[in-house]
Amino acid sequence: MIRYFAKRLGMMLVALFMIILLTFVIEHSIPGGPFTSDRKVSPEVEAALNAKYNLDDPLPKQFLDYLLGVIQGDFGPSYEYTGKDVTDFIKNGFPVSAKLGGITILFVIITSIPMGILAAVKNGKWQDMLIMAVATIGVTIPSFVIASLLIYVFSFRLNLLPTFGLDTWKGYILPVITLGGYSVSYLARQMRSSLLEVMGQDYIRTARAKGLSETKV
């Protein structure tokens, strides 16, 4: 078990390293720089800014410095907001993202499992067809389209839910449905398929042949 987790951890670290490396290479391949804007900056000012943020160092040294900073939890300064670090934005946004993500995971679990069970138990009936139709829509339609439709219907047309903000519990409804819609649809389909396979096993048929109730089966 320890060997398995160590292997997975190593693969995760390699994947993170490759993501950081590719992001670094792509960002430096794009024309322009962090101080390029519509308002032209004089070469002297741009050179001073590059020297301040060590952007005039060789690329291998810049990558190594950034990688060491990431390991220490320092993602560097913000080039847009003076006196701010990237870590500050992460610290401010992480609690909200974590709370929203946790609620979404809970929503996915308590929604997808009952949907899959009901679809399998009512296989071929209208409940199954309705759930599978909803699940198919949730899998095929992109989340940004679903978000737009939800906002249009429940916010603009019915005026029931807010379009932004998480000040009240109502503010979580649309984001949670949008974020968890695909996972609910996918897991409900998987749950239905798995349960139908189990319900066709010999020991299930034997239990029914013995006259056991559906609840016990």
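Residues numbered from 1 in each chain as written. Predicted model: local features only at pLDDT ≥ 70, side-chain atom pairs only at ≥ 80, totals over all residues. Heavy atoms only, no water.

1. Here's the deal with the overall build of the protein
To be explicit about the condition: Strands are runs of DSSP state E lasting at least 2 residues, helices are runs of H or I lasting at least 4, and numbering of each runs from the N terminus. Using the Shrake-Rupley algorithm and a 1.4 Å probe, accessible areas are obtained, with residue cover drawn only from the displayed protein chains. Charge assignment in this entry is limited to Lys and Arg as positive and Asp and Glu as negative, and neither His nor the chain termini are counted. The atoms used to mark charge sites are NZ of Lys, CZ of Arg, CG of Asp and CD of Glu.
Along the backbone of the protein there are eight helices and zero strands. Along the protein, from the amino end to the carboxyl end, the secondary structure elements read α-α-α-α-α-α-α-α. Carbon and sulfur atoms provide 67% of the accessible area of the protein, an area that totals close to 16100 Å². For the protein, the centre of its 20 positive side-chain charges and the centre of its 16 negative side-chain charges are spaced 18 Å apart.

2. Quick word on the packing of aromatic side chains
Keep this limit in mind: Only Phe, Tyr and Trp rings are paired, with Trp represented by its six-membered ring, and only when their centres lie within 6.5 Å; those with planes under 30 degrees apart are stacked, over 60 edge-to-face, the remainder tilted. Remark: exposure states derive from per-residue accessible area (1.4 Å probe, protein chains only) relative to the maximum for the residue type, with buried under 20%, exposed over 50%, and partly exposed in between.
Summed over the entire model, instances satisfying the criterion amount to four aromatic pairs. Both rings, one in Phe17 and one in Phe63, keep their centres 6.0 Å apart while their planes meet at 75 degrees; by these two values the pair is edge-to-face. You can see Phe17 sitting in helix α1 (residues 2–29) and its partner Phe63 sitting in helix α3 (residues 59–71), a full 46 residues away along the chain. Taking the relative accessible area as the measure of exposure, Phe17 reaches 34% and is therefore partly exposed. Judged by its relative accessible area of 12%, Phe63 falls in the buried class. Counting every residue linked through ring pairs, the aromatic cluster contains Phe17, Phe24 and Phe63.

3. Regarding the nonpolar core
The criterion, for reference: Remark: nonpolar core denotes a set of buried residues (Ala, Val, Leu, Ile, Met, Phe, Trp, Tyr, Cys) joined through side-chain atoms within 4.5 Å. Any pair of residues with heavy atoms lying within 4.5 Å of one another is described as a contacting pair.
Within the largest apolar cluster, eight residues are counted, these being Val108, Met115, Ala119, Ile131, Met132, Ala135, Val184 and Ala188. Residue assignment for this core shows that the elements contributing at least two residues are α4 (86–121), α5 (126–140) and α7 (170–199). Ignoring anything within four residues of it in the chain, the contact list for Ala119 reads Asp128, Ile131, Met132 and Arg192.

4. Points about the layout of surface pockets
The condition is simple: Definitions used for this entry: grid spacing 1 Å over protein atoms alone; cavity, a set of points where a 1.4 Å probe fits but cannot get out; pocket, an open set with protein on both sides within 12 Å along at least 5 of 7 lines; lining residue, one with an atom within 4 Å of a point. Grid points are joined across faces, edges and corners, and a volume is the space filled by probe spheres set on the points. Classification used: nonpolar for Ala, Val, Leu, Ile, Met, Phe, Trp, Tyr, Cys and Pro, charged for Asp, Glu, Lys and Arg, polar for all others including Gly.
Size it by volume and the second largest pocket reaches roughly 270 Å³. As for the second largest pocket, its lining consists of 14 residues, of which Val134, Gly138, Ile146, Gly181 and Ser185 are closest to the centre. Elements represented by at least two residues in the lining of the second largest pocket include exactly α4, α5, α6 (143–157) and α7. Ranked by residue count, the leading element in the lining of the second largest pocket is α7, at four residues. When grouped by side-chain class, the residues that make up the lining of the second largest pocket number ten nonpolar, four polar and no charged.

5. Looking at α5
For the α-helix, the turn length of 3.6 residues means that residues three or four positions removed from each other point alike. Going by this rule: Between the first and last residue of a helix there are one fewer steps than residues, each counted as 1.5 Å, and that sum is the expected span.
For α5, with 15 residues, the first-to-last C-alpha span of 21 Å sits near the 21 Å given by 1.5 Å per residue. In this structure, the buried side of α5 is in contact with α4, α6 and α7.

6. Some words on the side chain of Ser185
By secondary structure assignment, the location of Ser185 is in helix α7. Ser185 has contacts with Val134, Ala135, Gly138 and Val139, leaving out every residue within four places of it along the chain.

7. A word on α7
To keep it simple, the criterion reads: One axis is fitted to the seven residues ending at the residue and one to the seven starting there. The bend at that residue is the angle between these axes.
The sharpest bend along α7 comes to roughly 50 degrees, located at Gly180. Among all positions of α7, only Gly171, Tyr172, Leu174, Val176, Thr178, Gly180, Gly181, Val184, Ser185, Ala188 and Arg192 are buried. Tucked inside the fold, the buried residues of α7 contact α4, α5 and α6.

8. Regarding the packing of α4 against α7
Condition: For helices, the fitted line uses only the C-alpha atoms of the stretch in contact; every axis is such a line through C-alpha atoms, and the angle between N-to-C directions lies from 0 to 180 degrees. A crossing counts as left-handed when the near helix is turned anticlockwise from the far one by less than a right angle, and as right-handed when that turn is clockwise.
Two elements in contact, α4 and α7, have axes separated by 6 Å at closest approach and are oriented at 35 degrees. Note on packing geometry: the crossing formed by α4 with α7 is right-handed.

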